[in-house]
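Single-letter residue listing:
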Amino acid sequence: MSSDQVESGCLCFWKGRRSRTSRRKKETSRVDDRTKSTKTLLNKTKSEDTQGVTEETSGPGTENKNSEKINLTKHYVFEASKKTVEVLKSVAEIAGVPIVKQVLEIGLSLIQACEELNEVQEKVRQLKNRVAEFLLVIAKFMDRPSDGKLPPQFGDFFADMSEDLERELGELKDCLDSITKRLEQIKARNVLLIAMLPDSNVDEIQVCEIEFQDAIERFQTLRGLHAAEDVAKLQDRLEVVYNEIKAISQQVTQLQTSFDELKARLEPLDESSLLVPTMPNPPAIFYGRDEIVNEIANTLARPSADGKMSRFCILGPGGLGKTSAALAVMQHSLIRKTFGGGQFWIPCNTANSPSALLDALAEGTGVNPQSKNLLRSIVTRLSSCGQCILLLDNFETPWLLDESSQSRVRAILEQLDALPNLAILLTMRSNSPPLRHWKHSEFPPVNLENSRKIYLDIDEAAEDSADLDALLDTLGYMPGAVYLMANLGANSLSTPTELLQQWRAGGISVMDHCIGLSMKSSFVTGCEGAIELLQVLSMLPAGVVRSHLELWLSSYRPEAIQCLRKAALLLVSSGSDPKLFVLPVIQSCVRKTIPDVVRQRVNGSCCQILLSHSGAIDGPNNPHFKANSRFIRTEQSNIESLLTEMLTDILKSRTLITMEMMTNESDAFRVFIWYRYWSQPHVELAIQVAQAAEMTNNATSQADTLLCLGKMYRITGRSDDSLKTLTRARELFSTLDRSQRRNRRNAMRCEVTYTEMSALVRGLRQEDVIPLVEALGPQCEGEDTYLEALRLESLSAFQFKAHLFEAALISISESRNLFRENNCPFDAATCLLDLARILGCLERYEEALQISDEAVSSFHDLGFEGYNTCFSYILKARIMKSLKLPGDGIVEVLNDALKHSHQEPLPLAFTLLEYGEVYMKRKDWRAATLAYGEARKAILRLDREGHRGIPDECDNKLQVIQRYETQGVDPPEEELASLIPAPRLFP
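Residues numbered from 1 in each chain as written. Predicted model: local features only at pLDDT ≥ 70, side-chain atom pairs only at ≥ 80, totals over all residues. Heavy atoms only, no water.

In the nomenclature of an unreviewed UniProt entry, the chain is known as Novel STAND NTPase 1 domain-containing protein of Lentinula boryana.

Trainee: Is there a simple way to explain the overall build of the chain in this structure?
Mentor: The number of helices and strands found in the chain is 49 helices and 8 strands. The burial tally for the chain puts 51% of its 987 residues in the buried class. Expressed as a percentage of contacts within the chain between residues at least 6 apart in sequence, the contacts between residues at least 24 apart total 74%. (Helix = DSSP H or I, 4+ residues; strand = E, 2+ residues; numbered from the N terminus. Buried < 20%, exposed > 50% of the residue type's maximum accessible area, 1.4 Å probe, protein only. Contact = heavy atoms within 4.5 Å.)

Trainee: I would appreciate a short explanation of the nonpolar core in the present structure.
Mentor: One broad trend across soluble globular proteins is that nonpolar side chains are buried collectively. The biggest cluster of nonpolar side chains holds 157 residues, and the ones touching the most others in it are W552 and I639. With residues up to four places along the chain from it excluded, the contact list for I639 reads W552, C606, I609, L610, I632 and F672. Listed in part, the 43 residues of the second largest apolar core include I296, L300, I314 and L475. (Core = buried A, V, L, I, M, F, W, Y, C linked by side-chain atoms within 4.5 Å.)

Trainee: Any chance you could explain the sheet that holds strand β6 (residues 544–545) here in plain terms?
Mentor: Strand pairing in a sheet relies on backbone hydrogen bonds. The paired strands run either parallel or antiparallel. Pairing within the open sheet is antiparallel, and its 3 strands lie in the order β6-β8-β7. Every interior strand has two partners, whereas the edge strands, β6 and β7 (571–572), have only one. When β6 meets strand β8 (residues 579–581), the two strands line up antiparallel, connected through 2 bridges. Counted as the bridge partner of V545 is K579 from β8. (Pairing = 2+ DSSP bridges.)

Trainee: Honestly, unusual backbone geometry in this entry has me stumped. Any pointers?
Mentor: Both trends apply: most residues other than glycine have a negative phi, and most peptide bonds are in trans. Look at E843: it is not a glycine, yet its phi comes out positive at around 60 degrees. Positionally, E843 belongs in the loop between α42 (825–841) and α43 (845–861). For K923, which is not glycine, the phi torsion reads 65 degrees and is therefore positive. By the secondary structure assignment, K923 is in the loop between α46 (905–922) and α47 (925–939).

Trainee: It is not clear to me how a negative patch on the surface should be interpreted in this structure. Could you clarify?
Mentor: A cluster of like negative charges, contributed by D457, E460, E463 and D464, occupies part of the molecular surface. Within the element layout of this structure, D464 appears in the loop between α20 (448–458) and α21 (468–474). (Patch = residues over 30% accessible without salt bridge, like charges linked within 9 Å, V, L, I, M, F, W, Y side chains within 5 Å. Areas by Shrake-Rupley, 256 points an atom, 1.4 Å probe, with all protein chains shown as cover. Salt bridge = Lys/Arg side-chain N within 4 Å of Asp/Glu carboxyl O. Lys, Arg positive; Asp, Glu negative; His and termini not counted. Charge placed at Lys NZ, Arg CZ, Asp CG, Glu CD.)

Trainee: Looking at this structure, how should I read the sheet that holds strand β1 (residues 311–315)?
Mentor: Strand order in the open sheet made by the 5 strands is β2-β3-β4-β1-β5, with parallel pairing throughout. With one partner strand each, in any of the chains shown, β2 (343–347) and β5 (439–440) form the two edges of the open sheet. Bridge count between strand β3 (residues 388–393) and strand β4 (residues 422–428): 5 bridges; the pairing is parallel. Pairing of C388 across the sheet is with L422, part of β4. The sheet contacts of helix α13 (residues 290–300) involve β1, β3, β4 and β5, and relative to β1 the element is tilted by about 155 degrees. (Axes fitted to C-alpha atoms, helices over the stretch in contact; angles between N-to-C directions.)

Trainee: Would you take a moment to explain the side chain of S666 for this structure?
Mentor: Summarising the element assignment, S666 is placed in helix α34 (residues 659–679). One polar contact links S666 to S701, side chain to side chain, over a distance of 2.9 Å. (Polar contact = N/O pair within 3.5 Å; in protein donor to acceptor, adjacent residues only side chain to side chain.)

Trainee: Please clarify how the pairing of β4 should be interpreted in this entry.
Mentor: Consecutive residues of a regular strand have side chains that alternate between opposite faces of the sheet. Among the 7 residues in β4, 7 count as buried, and that is most of the element. Along β4, one buried face is formed by L422, I424, L426 and M428 and the opposite face, lined by A423, L425 and T427, is buried too. Pairing of β1 with β4, which is carried by 5 bridges, proceeds in the parallel orientation. When the sheet's bridge partners are listed, I314 is paired in β4 with T427.

Trainee: Would you mind showing me how to read helix α33 (residues 636–653) here?
Mentor: Along an α-helix, residues three or four positions apart point the same way, because every turn accommodates 3.6 residues. Helix length check: α33 (18 residues) gives 26 Å between terminal C-alpha atoms against 26 Å at 1.5 Å per residue, within 8%. Of all the positions in α33, only N638, I639, E640, L642, L643, E645, M646, L647, I650 and L651 are classed as buried. (Expected span 1.5 Å × (residues − 1).)

Trainee: Which parts of the structure should I look at to understand the pattern of salt bridges?
Mentor: A side chain of one charge can pair with a side chain of the opposite charge when the charged atoms of the two come close. Summed over all chains, the structure comprises 33 salt bridges. Residue R670 is joined to D704 by a salt bridge in which the shortest nitrogen-to-oxygen separation is 2.7 Å. Highlighted residues: R670 in helix α34 and D704 in helix α36 (residues 699–715), separated in sequence by 34 residues. The pair R670 / D704 is uniform in exposure class, with both members buried.

Trainee: I'm lost on the packing of aromatic side chains in this one. Help?
Mentor: How two aromatic rings sit relative to each other is given by the distance of their centres and the angle of their planes. Under the counting rule described, the total for this entry stands at 11 aromatic pairs. Ring geometry for W678 and F826: centres 5.4 Å apart, planes at 85 degrees, overall edge-to-face. With W678 in helix α34 and F826 in helix α42, the pair connects residues that are 148 residues apart, well separated along the chain. As far as burial versus exposure is concerned, W678 and F826 are alike and both buried. Here the aromatic residues F625, W674, Y677, W678, F826 and F859 are joined through ring pairs into a cluster of three or more. (Phe/Tyr/Trp six-rings, centres within 6.5 Å; stacked < 30°, edge-to-face > 60°.)

Trainee: Quick question: what am I supposed to make of the confidence of the model for the chain here?
Mentor: Low pLDDT marks regions whose predicted coordinates should not be analysed in detail. The predicted model of the chain has a mean per-residue pLDDT of 76, with 68% of residues at 70 or higher. Segment residues 220–229 is flagged for pLDDT under 50; beyond a separation of four residues in sequence, or across chains, it makes 31 contacts in the model. Counted against residues more than four places away or in other chains, residues 268–273, with its pLDDT under 50, gives 19 contacts. (pLDDT = per-residue confidence, 0-100.)

Trainee: Would you mind going over the environment of D853 with me for this structure?
Mentor: With respect to the element layout, D853 can be found in helix α43. Taking relative accessible area as the criterion, D853 reaches 31% and is therefore assigned partly exposed. Between the C-alpha atom of D853 and that of S872, which follows or precedes it by 19 residues, the distance is 8.0 Å.

Dropping the structure here:
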């Protein structure tokens, strides 16, 4: 079709839109006169000769028969072939308008049905061709030219016709669907019937074609757009367009692949893929709260008067079902529609301090708990989620603290309250919200009717009891109390009358009484060990797996577990080694009455567990380190909770700890913080342990704890704090008895780490530090050659940084031999890492690659997943670059490095820099931009003096990438080479 014809047809129809009444009159006339219509809209031609139309002459009588019907026997130059179907399928795949996509797909189904009707192939072929031809025109219509090639009125034309187009396409879709179903019915008929009465099918196919003719006669929108169109050429053009789009898409996909892969692997950076607690479902037994749940959902789903999303507090005493109602709100259809996946559940029942609240918020929102500024990271995470909602459950734990702590918690809430996109739902045992302007309303108990439903769902036998209503009235119709009382009645076979009598003999608050009633019932008290087991489990917030229970309570009895389960005081998970746990609301009540003797016994068990797995304190050199660390990891949450409580009590007392207490607790504290040092540093806990150690007046304990804290500061980038802490530790080590091996070895560890941090903080040149390390020689004389191994390892590091590679090679080789003689595999593996770096700088790349592989294997064999493993992978990738090995293999190694970085700033930043260089070399600008941008963020979390140049390096490369992306050209090879430095063989 010529451009003049397109323009003429489009403008003609565009003008015709202004006179719809006239058009519809003509349309009606055409429909009424359909028997005269022997040509369809789609086979209009300049003349029948040019289209090659012929009349079928198959024998006597045929002409008369055909003259009574619409001519179904025309032959077209255009034939719907396999290619036609492939083109239409391709266009359907890329159709951006849903109704057009549906029309194309249903039309294709119709064509397929036509192809399968072999018994009337000639008759149905015309219908198939006609449908295919029309679908091609629709496809062409959707592939309209760019605005620059159309008359000015064309844009207005499409805007004006869009509503009618959608209506008419919908009508056409219904017609095609109806015809397809009719053809399917014909196809499904009995084969014998078809053979005997073939004309019955022909007649029905004729009706189908008339219906289709009818539909396209009413399809006015496209009338002017396909006149004189050569459909066969149109098919070819659509195929070319689709192939071009497909080729471009493949190129874009290839460029996107690296970016997407890196983005997926970096998802922990935006912290969206960190494990977050799964929000529980509302309880199955839940009555009488529909009205208030709807009210809260409606409030939270719309912004408040100040434009921010709403905040709502569910307040009241325990047992009202606040948590159950809150969970029902979160499952409400309006909340799901408004917030989608942006729902976060924060159980606050163990958040007994402002810092613990931040930890709970970090865990619940998927934020790295080791972030330098945890609150800022949480706020950033929530502000980037679009509309989201936060459920702060059991908020009384962090809120009802001392005045100082409450002030800090209020400051956290005010930061969250400042986020306009964040809705907040809070449950708390209180009668006023934590922030005055937060909404709340009366949350009453349920009524008698709903209380009966709750009770009888659990204990059906109580339905005929005369005292059931009186019991429910006594319970105040509080759902939690009713639930527990019903379980007590069902499991202890007690009637409401008996329970009412026991209640009246008591007299404590509602929720405590319910739990106390369960605990004090003869059913529980008559079971030996049940109460003690409940108390022990209430001190373990994460619960305990069945196989570990004996470690916490050696005297437990199996029947006690059965008793507590029947009394609804204990829950048990499924699995081969099920976990036993107590619900937080029950934990809270039970913990108020735990005797000191039980607390001391559980604390003692915690310490004993740590001391019996003390291999963690020596690190990977200890052959038991791998197994010990794995076990501590399974109980880490419980241990950390108990240690935090113990440390809080110790620091509050401000009295000197006895030698016996130091032996039982302080040593256990040190095991745990060294375990955290080797796995994932916990600086705040280490600070508390150091403070407690200071109260012992035991120099050995103090020195060892400060060494651990100083090394934690070092690897988390707090250089000044590290130097200050190591200075104090160094003073303490100088007073200790060096005849004890651990004392002298830790003293030398402290000395070499202090020297490193002193050089870093004070900005000393490497050449000036080497004499300081050499001066440590006299302290290393003696039978314990491990001390000399430490000194030589440190000396090699400074020689390496001073580019004295041959000297560094000698020092590290001697150090490694000495470590191996002392049976210290971890230290020997660390030497392999250093050795590979030195060999790389000496351009002995093949040897370096072999050594780096050996280092990686050694760290994995030792069960060490810390920073050295990450740096081993980074080093291996750099050596591979030097050997000019394939980029895909390098990326695989970097993927392993990223996994072992644990999202800590330093190893993460160096890993990302390596990714950036790989993608720069590939000219994959999007992936490179992501890598350098995230590397910059990671390094800015540090305060290290020695890495200040990295943000500038990232900024420079990002600016160059942005400039060339804007220009749409690649940088000259010389500039690109300057942006990709030679492999850096050390962090």
